[in-house]
Amino acid sequence: MKKFLNSLISDLKKIIVGYGFIASIIVVFLLCFTSVIYQDNFTGKEYTVIEIITSKRNFINVEFSAQSILYISVSPYITIFLPILSSIPFVTTLCAERAGGNIRFIITRTGKTVYYISKFLSALLSGMLSVMLGFVLYSIAICISFECNIKVSELIKMYIGMAFYGAVSVLPALLLSAFIKNKYVVCCFPFIFMHFYYTIIAKIQDYLFSENMGSTVVKMGFLFPDMLKNILLDYNNVEKLHEYTVIYYSLLTIFTFIGFVVIMNRRFDYGQ
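Regarding the nonpolar core
Now for step 1: Ranked by size, the top nonpolar core spans 35 residues in total, and within it Ile 69, Leu 70, Phe 135, Tyr 138 and Ile 142 carry the most contacts.
Now for step 2: Mapped onto this core, the elements with two or more residues apiece are α2 (19-32), α3 (49-54), α4 (66-72), α5 (76-85), α8 (112-145) and α9 (152-176).
Now for step 3: By size, the runner-up hydrophobic cluster in this structure holds 29 residues, among which are Ala 167, Ala 178, Cys 187 and Phe 260.

Have a look at this one:
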């Protein structure tokens, strides 16, 4: 256990002090401001958070609260780019170890099992922290800019939800890093994959809507990772979506870990 904790702490230190970790936090913070929070009923024009903040005088007849804004603040850009942003901190470190051959020396010192579990958990934790801290900074800015009527308990639940969101977003890159050494490929391929993933789900939902199967479309909500943001809140928990979401992403995490270990075990440069 002591060897495992030392390995995990060492991995997290390498990740957190890197520029990639800081950059991820900043970009997540900025992308949150691109969330659409208001639509003009007459023109149909949608307004983002940053547009509302920079032109408040144009919305004097519209009431905005920190609670409502934070609840719906998941920008489409965050959904698309989060697999890249959440994985940059750990991918940079892991790919450098593999490309430089340091992996065999580390495995010699820690053992394969400790190495695999440490890398997996450090990847999840770094994704959780970078995304959550970016959202924490965003929530502070929102509470300063708008009426802050949100309970601390609800805010904490959102933070935890964003942490889960960040952890899940890391999974595609984590699996790829088991057999690809190029950090740019590892970071960018999940972006392409998630784009096709969301496109396919959207087309399936459009078809179901055309067939008057709206209830099925609602049940499919758990397939979107952004559902995790409000997983601990009571809002919109229809059709047991929260339960389905927990089960789906728990299984996805388990299968990713198994795949990561199996692929890494096929390597021959263990140093043993």
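A short note on the packing of aromatic side chains
Now for step 1: In this structure the tally under the stated criterion is 14 aromatic pairs.
Now for step 2: Judged by centre distance (4.7 Å) and plane angle (80 degrees), the rings of Tyr 248 and Tyr 249 are edge-to-face.
Now for step 3: Overall, the relative accessible area of 25% leaves Tyr 248 in the partly exposed class.
Now for step 4: Classification of Tyr 249 as buried rests on a relative accessible area of 5%.
Now for step 5: Here the aromatic residues Phe 29, Phe 33, Phe 135, Tyr 138 and Tyr 159 are joined through ring pairs into a cluster of three or more.
Now for step 6: Residue placement shows Lys 45 over the ring face of Tyr 47; its charged tip is 5.2 Å from the ring centre.

Description of the side chain of Gln 205
Now for step 1: You can see Gln 205 is positioned in helix α10 (residues 183-210).
Now for step 2: The exposure class of Gln 205 is buried, given its relative accessible area of 14%.
Now for step 3: Dropping the residues within four chain positions of it, Gln 205 is found in contact with Val 217, Met 220 and Phe 224.

Comments concerning the layout of surface pockets
Now for step 1: Space inside the largest pocket adds up to approximately 360 Å³.
Now for step 2: If you go around the largest pocket, you meet 21 residues; those closest to its centre are Leu 171, Pro 172, Phe 193, Met 194 and Leu 252.
Now for step 3: Here the element with the most residues in the lining of the largest pocket is α9; it accounts for 7 residues.

Remarks on the packing of α8 against helix α12 (residues 241-265)
Now for step 1: Relative orientation of the contacting elements α8 and α12 amounts to 140 degrees, with a least axis distance of 11 Å. Viewed along their axes, α8 and α12 adopt a mutual orientation that is oblique. Crossing handedness for the pair α8 and α12: right-handed. Contacts from Lys 112, Tyr 115, Tyr 116, Ile 117, Lys 119, Phe 120 and Leu 124 in α8 reach Thr 253, Thr 256, Phe 257, Phe 260, Val 261, Met 264 and Asn 265 in α12.
Now for step 2: Class assignment for the residues of the contact of α8 with α12 results in 9 nonpolar, 3 polar and 2 charged.

Cut-offs applied
- Residues numbered from 1 in each chain as written.
- Predicted model: local features only at pLDDT ≥ 70, side-chain atom pairs only at ≥ 80, totals over all residues.
- Heavy atoms only, no water.
- Core = buried A, V, L, I, M, F, W, Y, C linked by side-chain atoms within 4.5 Å.
- Buried < 20%, exposed > 50% of the residue type's maximum accessible area, 1.4 Å probe, protein only.
- Helix = DSSP H or I, 4+ residues; strand = E, 2+ residues; numbered from the N terminus.
- Phe/Tyr/Trp six-rings, centres within 6.5 Å; stacked < 30°, edge-to-face > 60°.
- Lys NZ or Arg CZ within 6 Å of the ring centre and 35° of its normal.
- Contact = heavy atoms within 4.5 Å.
- 1 Å grid on protein atoms, 1.4 Å probe; cavity = no way out; pocket = protein on both sides within 12 Å on 5 of 7 lines; lining within 4 Å.
- Points joined across faces, edges and corners; volume = space filled by probe spheres on them.
- Axes fitted to C-alpha atoms, helices over the stretch in contact; angles between N-to-C directions.
- Parallel < 35°, antiparallel > 145°, perpendicular 65-115°, else oblique.
- Left-handed = near helix turned anticlockwise from the far one by under 90°.
- Nonpolar A, V, L, I, M, F, W, Y, C, P; charged D, E, K, R; others polar.

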